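A structural walkthrough
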Amino acid sequence: PSEPPTVSYYVPFIGSMIEYGMNPIGFLRRNQKIHGDHFTFLMFGRRMTVYLDIDGNDFVFNAKQACATAQDAYNSMTKPIFGEGVIYDAPSSMMMEQKRMVKAGLTVPCFRAYIPIFIKEVNQYVDKHWTKDEDTVNLLQSISEMTVMTASHTLMGPEIRSKLYEGVADLYHTLDLCLSPMRFLFDWLPLPSYFSAQKAHDELDRIFSSVIAERRKHTGKKHVDMLDALMDSQYKNGDALPDKHIGNLLIALLMAGQHTSAATTTWALLNLATNRDVVDEVHAENEARFGRKLGAKNFPEPSYEEVKGFAVLDNIVRETLRIRAPISQILRKVISPMAIPGTNYVVPAGNYIVASPINSATDEKYYKAAEDWVPSRWNTAEKEEDMDKATTDYGFGATTTSARSPVLPFGAGRHRCIGEQFAYIQIKTILYVLLNRFDFSLDPKCGMPERNFRSLVVFPQGPVMCRYKRRSD
Ligand code: HEM
């Protein structure tokens, strides 16, 4: 048995780093044509074994913990940001328990409480910043700010949200600067961003501790948010989640959800800005649902069930995630040799295995005009099955659910995302408010942006300028 074929390169050690770094998706497609679904490439001394298509998705997402781990692949990148003892810095079984605890803040009663907050935050933002009747704005920046307001308010609670203007937003930003693929490659290098991240993290710790202490003093007052859910959590052995880990988990959740949701919402709006027919479908559905024409001021506050039921918006988010999944590469580090079923290949310990579900999601084999954004392609019953699976399968414990699916923007198996439903209602609610209040069109100078692969989350290449025009009632 041998390792899958190696992609040829010119510079030893560096290998394919530059080509891969500039456009990983193009790199994988080109090499898939040459080598098929499995190949290895060298990147700054690391051997990365790619396995594409639906079998590759299953191979990586359902890799046994004894063979390949996410902890060994990601912890050097995430520890400076999330802090100690949580997610990839915790033993695997403890991390699973932490994911279970987080689910307590992502229940239907929580979602019911979160919708009005999303709406209030988006309205406040546009009332303050989008004051003209029409203008050109940096859409990615605006959407990122709306996302951080909505996520901080609902997950961390009103106290932390109110401190966003007192410097907490800057602390998040400092942490963001450290969240880069560079840390994967240069984990031994004391990059300056690492030290600033540590300082920012300590400062956030202090703020979280004081908010937690304040809440513990007023035990009678309950909040419906993630912070209260975590403060009430216990490990199976009866130990409470330490306060320091509560803060670290909140930071981890914000980081996991912030860029992914902001990128998805921005890509969705950019596509809506060039697809007037889809916007008309959103308005037609809203008007049918609420029995009257909705405008910039007279739109009602939907319930959680109504947001969940917005079918056109659902298709829009689903289709955006298909062609612009914000997390395009999934990594695990191999700790015990892994045979690739049905081949003579074995991936040795020390290699990384890489899946790229966006590769299968945009493969003509599965979707006609696979690179085109066509939300109506999801007008099928298949979607309902997916959603059912999404509500029940969080990948805890057993890892037997197959991941042989072309579209997996939220992953699969034991590391599957727990924020999918939160992300859907957050993005749909933000879109609902914005589309009722404004019409969007691409800025002729900027057009439809390319993808920026320099960050871990794939954003539109900036500055992402877009035009809004206030709708009348
Ligand atoms: C895991 C995508 C939003 C929390 C994941 C994974 C993906 C993903 C692909 C699996 C990573 C892997 O297997 O290596 C997304 C996308 C989002 C989103 C596309 C939005 C559009 C959120 C939100 C939260 C969140 C809002 C929190 C509220 C997490 C957590 C994990 C995770 C805790 C588990 C990590 C693990 O077990 O290794 N997400 N996510 N995500 N996500 Fe999300």
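Presented here is an overview of the structure given in this document. Just so it is clear, the model here is predicted, and its values are computed rather than measured.

Here we look at the site of the ligand
In the neighbourhood of the ligand, 24 residues make up the surrounding shell, with Y74, Y88, R332, H415 and C417 lying closest. One nitrogen or oxygen atom from the side chain of R332 is found 2.8 Å from an oxygen atom belonging to the ligand. The side chain of H415 places a nitrogen or oxygen atom 2.6 Å from an oxygen atom of the ligand. Those elements giving two or more residues to the shell around the ligand turn out to be α5 (92-103), α13 (243-273), β5 (330-334) and α19 (420-437). Per-element accounting of the shell around the ligand gives the leading share, six residues, to α13. Looking at which domains feed residues into the shell around the ligand, each of domain 1 (1-70 + 328-359) and domain 2 (83-327 + 364-384 + 422-470) supplies at least three.

So, α5
In this model, α5 (12 residues) spans 17 Å end to end at C-alpha, consistent with the 16 Å of a helix rising 1.5 Å per residue. Residues of α5 that are buried include every one of S92, M95, M96, E97, Q98, K99, M101 and V102, and no others. Of the surrounding elements, those touching the buried residues of α5 are α4 (70-82), α12 (226-231) and α13.

Here we look at the sheet that holds β5
Read from one edge to the other, the open sheet built from five strands follows the order β1-β2-β8-β5-β3, with strand pairing classed as mixed. The sheet is open, and its two edges are formed by β1 (38-43) and β3 (68-69), each paired on a single side. One ladder, built from three bridges, connects strand β2 (residues 46-51) with strand β8 (residues 352-355); its direction is parallel. Within the sheet, the bridge partner assigned to V50 lies in β8 and is V354. Contacts between helix α2 (residues 24-35) and the sheet are confined to β1 and β2, with β1 contributing the most and set at about 130 degrees to the helix. On top of the sheet, helix α3 (residues 53-61) reaches β2, β5 and β8; it is set at about 135 degrees to β8, its chief contact.

Rules used in this analysis
- Per chain, residues are indexed from 1 in the order of the written sequence.
- Per-residue local features of the predicted model are confined to residues with pLDDT of at least 70, and side-chain atom pairs are confined, for both listing and counting, to 80 or more; whole-chain, interface and lining totals are unaffected and use all residues.
- Each side-chain value is derived from all of the structure's non-hydrogen atoms; neither hydrogens nor water enter the calculation.
- Throughout, near means a residue has at least one heavy atom within 4 Å of the molecule or strand.
- The term polar contact refers here to a pair of N or O atoms within 3.5 Å; inside protein, the definition further demands a hydrogen-donor-capable atom paired with an acceptor-capable atom, and it admits residues adjacent in sequence only when both atoms are side-chain atoms.
- Going along the chain from the N terminus, every DSSP run of H or I of four or more residues is numbered as a helix, and every run of E of two or more is numbered as a strand.
- Note: domain ranges come from an automatic or database domain assignment.
- Helix span is expected to be 1.5 Å times the residue number reduced by one.
- Partly exposed describes any residue whose relative accessible area lies between the buried limit of under 20% and the exposed limit of over 50%, with all areas from a 1.4 Å probe on protein chains only and scaled to the type maximum.
- Note on contacts: a residue pair qualifies if any of its non-hydrogen atoms lie within 4.5 Å across the two residues.
- In this description, strands pair whenever DSSP reports at least two bridges between them.
- Between N-to-C directions, angles span 0 to 180 degrees; the directions come from axes that are lines fitted to C-alpha atoms, helices contributing only their stretch in contact.

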